[in-house]
Amino acid sequence: MNRLKNKKILLGVCGSIAAYKSAILVRLLVKEGAIVRVVMTQTAKDFITPLTLSTLSKNAVEQEFYNPETGEWANHVELGLWADVFLIAPATANEIAKMANGLCDNLLSAIYLSARCAVVFCPAMDVDMYKHQSVKTNLQKLQSVGNFVFEAEHGELASGLVGVGRMAEPEHIIENLVLNFTEKQTFAGKKVLITAGPTQEALDPVRYISNHSSGKMGIAIAQSFAKKGGIVTLVVGKIDLNLVEKHDNLHVISISSADEMYQVCKTYFDTTSIAVFAAAVADYKPKQIATNKIKKNEESFVIELTKNIDIAFEFGKIKKENQLSIGFALETDNELENAQAKLAKKNFDLVVLNSMQDAGATFGHDTNKITIISKHNPPKTFDLKSKNKVAEDVVNEIEKI
Ligand code: CTP
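Note that the structure is a prediction, hence the values are computed from the model and not measured.

A. View of the sheet that holds strand S9 (residues 191–196). Taken in spatial order, the eight strands make up an open sheet running S13-S12-S9-S14-S17-S18-S20-S21, and their pairing is mixed. Because the sheet does not close on itself, it has two edges, and the strands there are strand S13 (250–254) and strand S21 (380–381). As paired elements, S9 and strand S12 (residues 231–236) share six bridges and run parallel to each other. By the bridge assignment, Ala-196 is partnered in S12 with Val-236. The strands that helix H9 (residues 216–227) touches are S9, S12, S13, strand S14 (274–277) and strand S17 (324–331); relative to S9, the one it contacts most, it runs at about 165 degrees. Relative to strand S18 (residues 350–355), helix H12 (residues 335–345) is tilted by about 150 degrees, and along the sheet it contacts S17, S18 and strand S20 (370–374).

B. Seen up close, the layout of surface pockets. In this structure, the largest pocket spans a volume of roughly 1,600 Å³. In terms of lining, the largest pocket is formed by 34 residues, of which the most central are Lys-7, Glu-183, Lys-227, Glu-245 and His-247. For the lining of the largest pocket, the secondary-structure elements that each account for two or more residues are helix H8 (170–181), H9 and helix H13 (387–400). Split into classes, the residues belonging to the lining of the largest pocket amount to eight nonpolar, eleven polar and 15 charged. Both domains that furnish three or more residues to the lining of the largest pocket are identified here as domain 1 (8–181) and domain 2 (191–400).

C. Expanded view of the site of the ligand. Close contacts around the ligand come from Phe-277, Ala-279, Val-281, Asp-283, Ile-309, Asp-310, Ile-311, Ala-312, Gly-327, Phe-328, Lys-342 and Lys-346, and that covers them all. At 2.9 Å from a nitrogen atom of the ligand is found a main-chain nitrogen or oxygen belonging to Ile-309. Here an oxygen atom of the ligand and a backbone polar atom of Ala-312 are 2.9 Å apart. Placement of the ligand is best described as lying within the second largest pocket. The set of elements that each furnish at least two residues to the shell around the ligand consists of helix H11 (311–318) and S17. Classifying every residue of the shell around the ligand gives seven nonpolar, one polar and four charged.

Conventions adopted
- Residues numbered from 1 in each chain as written.
- Predicted model: local features only at pLDDT ≥ 70, side-chain atom pairs only at ≥ 80, totals over all residues.
- Heavy atoms only, no water.
- Pairing = 2+ DSSP bridges.
- Helix = DSSP H or I, 4+ residues; strand = E, 2+ residues; numbered from the N terminus.
- Contact = heavy atoms within 4.5 Å.
- Axes fitted to C-alpha atoms, helices over the stretch in contact; angles between N-to-C directions.
- 1 Å grid on protein atoms, 1.4 Å probe; cavity = no way out; pocket = protein on both sides within 12 Å on 5 of 7 lines; lining within 4 Å.
- Points joined across faces, edges and corners; volume = space filled by probe spheres on them.
- Nonpolar A, V, L, I, M, F, W, Y, C, P; charged D, E, K, R; others polar.
- Domains from an automatic or database assignment.
- Near = heavy atom within 4 Å.
- Polar contact = N/O pair within 3.5 Å; in protein donor to acceptor, adjacent residues only side chain to side chain.
- Sits in = over half its atoms within 2 Å of the grid points.

This is the structure in structure tokens:
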């Protein structure tokens, strides 16, 4: 159990006889570890009481835009943003029609319009209503904009007729939620080390040399591993840490310089199964770090740089057979050739190649376009996608080896 641990489920209950099953649904959701809040339409209250659902969900049930007794406003935007999944079960033909067409004359349908999360419709109605073309069209319309429909099931209906129209059994809804909204724990317990972001190489107490890396790609990979059960240590240069969504499996260590990044990685590498070197490590650092702030006394000023430690290279030398290491290559020309050379030189199992020639890829963007180079397979090029989707592709490729 606990397969929906900490998933925030907003259950929308519409006015159908199937609403009595909402009580069972809430109990099963809570048993699976979900945090459940409930919103009901007025007619739903004719079938099941708010008290039943608030008792089972351990949260107040939302019913109106505002509470007439306290005058408090039920914030439909807040509810829509809170949820990971808005599960509308039972969804009646009437509410389905309204939501398919953007109407929002009650709290439930207003939440639907302001929700950014996944929305699941579990239709419940009589057999002929469910077969009706207008209902079918409305459900298709809802699906075409990214909503999920967990189809009604066959059985005896409240009308006495037998056919398809019964709301999916609560147990089936739970299984479907687990299937669609939880990650397979492919990397359960595996230790993953990820470097990300830029390094800062100090020149004096107030200045440094760095680059424009935002760390977004490395963060997205870290998050993808964490969701799949990996125990992730993200060693990250100075970036906006608000970009890192909190996750129980994700431990973030902030560093500044390449040397610091190396030292931290050293303490983790030995027990690491998978290391991903996504950091934009400065290749050089100032040979001397001035103790005091450098004054602008000279007309021109030369900084002597010395090579930084190559973190990926160092760990490539001591990598064991049961460890995987993945590198990144940002190239402007001879991309494949250069990436192949890095694969060999740094003993990587995979190299994720970005080309500066691709618009929308590389530094700062929320999108990326990659080619994956590996030891034994031909290069594989992916479309331009969001960095989160690219991270999933990278993690899937790692999963294969
Ligand atoms: N890398 C690293 N430590 C460094 C430099 C790079 O760990 N000091 C890692 C990067 O995180 C990346 C890979 O090595 O995974 C490739 O880095 P890149 O700078 O592109 O390659 P270099 O080998 O430094 O080659 P060049 O800069 O000449 O292209």
